[in-house]
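Descriptive structure summary
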Amino acid sequence: MATNLTVNILDLADRLPDNWLIGCDSREFARIVDRLFQEITQNPAQKTPPKICIAEPEPVQFLASFIAARAAKCPIFLCNPNWVKSEWEQVFDLVQPDIFFGQKALENLNKMELISHLAPFSISLIGAGKMPTPQSNSLLASQASCLFLRMVQDFRLSASPTDPNKNPHQLPITNYPLPSIMIPTGGSSGKIRFAIHTWETLTASVQGFQHYFQVDKINSFCVLPLYHVSGLMQFMRSFTTGGQLAIQPFKELENGKKSDIEPEEFFISLVPTQLQRLLQNPDTANWLGRFRAVLLGGAPAWPELLETARNYQIKLAPSYGMTETASQIATLKPEDFLAGNNSSGQTLPHAQITIRSANGDILCDNQIGNIAVNAKSLALGYYPEQFGDREYFQLDDVGFFDKNNCLNIVGRSSDKIITGGENVFPAEVEAVVRSTNLVADIAVIGLPDKNWGQVVTAIYVPANSEVTVKNLQAAIEDKLSKFKRPKYWVIVEQLPRNSQGKVNREQLQEIAIEYQ
């Protein structure tokens, strides 16, 4: 078990296996990192490190850019290369970057006529060089980090060891001196914010994972975008523990192409919609069953999906976490999942979760309340503002702990629908409608109503052309109380979901209002 927080990154490199980044030539990777580092630091007169936006869709190029920027001790802003014009406008107004990585994103910005937005920041457009296409079966020829790490001998994995006399769950100090890593989070609103993390908050999450799963070296199989916390943390787990990292586009996996790895030695992370698609192919489903654990998060999973995974004996680990906590802070052990547990599991050792009433009192087991968090992995704030001193970080989620100390998520407080004085959580209604097998996808929202305050409204994708509203109403009649049943049913071809499966509720409101 890795416990030393002050390991020099050169020592870290010595522990990395030759094939830590599967399918990539390490010498070429190191040359790219070295070149990017030189370009970032080419102006010795610059008094402050440049702010760097990384919008690189190619995984190896992304990692090279990220490592070079970290080596140069620059503030990093991870960006989705597929953001639309209004989202990029938000980012440029907020960040005002000095350096931009990502040739394809730059081309898209040019098409959107947004290049002029970059000019006021005297931005340097660098890092357009391309990595050779990785060969799926090739091994790394030499130590992946040994060349570029010579230039960062004083770079630490973390700050000094934790003071044992301090509260192990206290929030990070607000004047943290280390360079920051800004990770985008849009939630369900569509408004982009950047959670401020540091190398220490990210490695705290890694260490919590290590202790919880009792694993030293973490091997990760990544099909999620690296700019998102769910993808970035898979890199962090492998890189900082001396494990291996395999990266493959999800579409390839969905089409039956499997990376040449031994799944028994790897963790894979999926969102529920990805798991649903992979389970449609029995061969892929059986392959998933070989993984050490299949971490599931990003959006609520429905009972039928979990039962299907259990039938395939997939070692699923449903998790609860977010960008602000550097991925999961609660995870269900695979053996508990296979035994029939559908919760989000117990709290990881680097975090503390409490269930609180509206006035902040801690509630007992099986009492539903607001979820609050303290964690070593907690973000410092939302760029450019930092969190002030507080006893705990209040989340928007509602849930409870059961008698086995497992966290159960009820829904999001802001999504709660109040209709005729009754509370309705969309997740419950969505799960019931999904269980009918009459819909391919569904989201439930509340629409304003002068008589009821709000009315329950379902926006759905029918499973086939024969599905009718009457079918749906009849199928849920004995499964939901009358006030929980949707009054309006809006049919669509697809729901506005992002790559992590989260639905954009502002767009849902617009869709439903047009229907009325």
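Going by the structure above, here's the rest.
Report follows, based on the coordinates. (Residues numbered from 1 in each chain as written. Predicted model: local features only at pLDDT ≥ 70, side-chain atom pairs only at ≥ 80, totals over all residues. Heavy atoms only, no water.)

Quick look at the overall build of the chain
- Secondary structure assignment for the chain yields 16 helices and 24 strands.
- Here the chain holds 516 residues, and 53% of them are scored as buried.
- Look at the contacts in the chain between residues 6 or more apart in sequence, and 70% of them connect residues 24 or more apart.
- For the chain, the exposed surface amounts to about 22,700 Å²; the carbon and sulfur share of it is 47%. (Helix = DSSP H or I, 4+ residues; strand = E, 2+ residues; numbered from the N terminus. Buried < 20%, exposed > 50% of the residue type's maximum accessible area, 1.4 Å probe, protein only. Contact = heavy atoms within 4.5 Å. Areas by Shrake-Rupley, 256 points an atom, 1.4 Å probe, with all protein chains shown as cover.)

Here's the deal with the sheet that holds strand S15 (residues 369-375)
- Pairing is antiparallel in the open sheet, where 4 strands are placed in the order S14-S15-S18-S19. Where the open sheet ends on each side, the last strands, each with one partner, are strand S14 (351-356) and strand S19 (407-412). Across the sheet, the mean angle separating the axes of adjacent strands is 45 degrees when strand polarity is ignored.
- Alignment of S14 against S15, held across 6 bridges, turns out to be antiparallel. If you follow Arg-356 over to S15, its bridge partner there is Asn-370. (Pairing = 2+ DSSP bridges. Axes fitted to C-alpha atoms, helices over the stretch in contact; angles between N-to-C directions.)

Some points on the packing of aromatic side chains
- In total, this model carries 23 aromatic pairs according to the counting rule given.
- Consider the rings of Phe-209 and Phe-267, whose centres lie 5.0 Å apart with planes at 75 degrees: the pair is edge-to-face. Taken as a pair, Phe-209 in helix H7 (residues 199-213) and Phe-267 in strand S9 (residues 267-270) lie far apart in primary sequence, 58 residues in all.
- Ring centres of Tyr-460 and Trp-489 lie 5.9 Å apart, and the angle between their planes is 85 degrees; this geometry places the pair in the edge-to-face category. Of the two residues, Tyr-460 sits in strand S23 (residues 453-462) while Trp-489 sits in strand S24 (residues 488-491), which places them 29 residues apart along the sequence. The same class applies to Tyr-460 as to Trp-489, namely buried.
- Ring pairs connect the aromatic residues Phe-77, Trp-83, Trp-88, Phe-92, Phe-100, Phe-194 and Tyr-383, which therefore count as one cluster.
- Lying across the ring of Phe-337, Arg-310 places its NZ or CZ 4.2 Å from the centre. (Phe/Tyr/Trp six-rings, centres within 6.5 Å; stacked < 30°, edge-to-face > 60°. Lys NZ or Arg CZ within 6 Å of the ring centre and 35° of its normal.)

Notes on the nonpolar core
- Counting 52 residues, the largest nonpolar core has Phe-29, Phe-66 and Phe-235 as its most contacted members.
- Looking at this core, the element that brings in the most residues is helix H3 (residues 59-71), giving 9 residues.
- Residues Phe-221, Ala-246, Ala-309 and Leu-316 belong to the second largest nonpolar core, which totals 26 residues. (Core = buried A, V, L, I, M, F, W, Y, C linked by side-chain atoms within 4.5 Å.)

So, the sheet that holds S9
- Read across the open sheet, the 7 strands follow the order S8-S7-S9-S10-S11-S12-S13; overall the sheet is mixed. At either end of the open sheet lies a strand with only one pairing partner, and these are strand S8 (245-247) and strand S13 (346-347).
- With 3 bridges connecting them, strand S7 (residues 220-222) and S8 associate as parallel partners. From the neighbouring strand, Ser-220 faces S8, where its bridge partner is Leu-245.

A few points about the pairing of S24
- Sheet analysis places S23 next to S24, joined by 4 bridges and oriented parallel. Along S24, the bridge assignment pairs Thr-457 with Tyr-488.
- Regarding topology, helix H15 (residues 469-476) serves as the crossover connection from S23 to the parallel S24, and that connection is right-handed. (Right-handed = clockwise from strand over helix to strand, strands pointing away.)

Concerning the pattern of salt bridges
- Tallying each qualifying case throughout the model produces 16 salt bridges.
- Here Arg-35 ties to Glu-39 by a salt bridge, and the two come within 3.4 Å at their closest N and O atoms. Remark: Glu-39 and Arg-35 occur in helix H2 (residues 26-40); sequence separation between them is 4 residues, near one turn of the helix.
- For Arg-412, the salt bridge is made with Asp-397, and the minimal N-O distance between the two is 3.4 Å. With Arg-412 in strand S19 and Asp-397 in strand S18 (residues 393-401), the pair connects residues that are 15 residues apart, well separated along the chain.
- Each member of the salt-bridge network shares a partner with another, and the members are Glu-262, Glu-264 and Arg-290. (Salt bridge = Lys/Arg side-chain N within 4 Å of Asp/Glu carboxyl O.)

Structural notes on unusual backbone geometry
- Note the cis peptide between Tyr-383 and Pro-384, where omega equals 0 degrees.
- Looking at the secondary structure, you find Pro-384 in the loop between strand S16 (381-382) and strand S17 (385-386).
- Unlike most non-glycine residues, Glu-113 shows phi in positive territory, near 60 degrees.
- Residue placement: Glu-113 occurs in the loop between helix H5 (103-111) and helix H6 (115-118).
- Of note in the backbone geometry, Gln-214 takes a positive phi value of approximately 50 degrees without being a glycine.
- As for its position among the elements, Gln-214 is in the loop between H7 and S7.
- Overall, the relative accessible area of 58% leaves Gln-214 in the exposed class.

Let's talk about helix H16 (residues 505-515)
- If you check which residues of H16 are buried, you get Arg-505, Leu-508 and Ala-512. One side of H16 carries all its buried residues, which in axial view fall inside an arc of 45 degrees. Turned more than 90 degrees away from the buried face of H16 sit Glu-510 and Glu-514, all of them exposed. (Arc of directions from axis to C-beta.)

Observations concerning the side chain of Thr-331
- As for its placement among the helices and strands, Thr-331 is situated in strand S12 (residues 327-331).
- Its relative accessible area of 0% is what places Thr-331 among the buried residues.
- When neighbours within four sequence positions are excluded, Thr-331 is seen to be in contact with Tyr-212, Phe-213, Leu-295, Ala-317, Pro-318, Ser-319, Ser-344, Gly-345, Gln-346 and Leu-348.

Section: the packing of H7 against helix H8 (residues 229-241)
- Remark: H7 packs on H8, axes separated minimally by 10 Å, with the N-to-C direction vectors making an angle of 75 degrees. By the angle between their axes, H7 is roughly perpendicular relative to H8. Contacts from Trp-199, Leu-202, Thr-203, Ser-205, Val-206, Phe-209 and Gln-210 of H7 reach H8 at Leu-232, Met-233, Met-236, Arg-237, Phe-239, Thr-240 and Thr-241.
- By residue class, the composition of the contact of H7 with H8 is 8 nonpolar, 5 polar and 1 charged. (Parallel < 35°, antiparallel > 145°, perpendicular 65-115°, else oblique. Nonpolar A, V, L, I, M, F, W, Y, C, P; charged D, E, K, R; others polar.)

Section: the packing of H2 against H3
- One way to put it is that H2 packs onto H3 with a least axis distance of 8 Å and a crossing angle of 45 degrees. Taken together, the axes of H2 and H3 are oblique relative to one another. Our pair here, H2 against H3, has a crossing hand that is right-handed. Between H2 and H3, the residues in contact are Phe-29, Ile-32, Val-33, Leu-36, Phe-37 and Ile-40 and Val-60, Gln-61, Leu-63, Ala-64, Ser-65, Ile-67, Ala-68, Ala-69 and Ala-71, respectively. (Left-handed = near helix turned anticlockwise from the far one by under 90°.)

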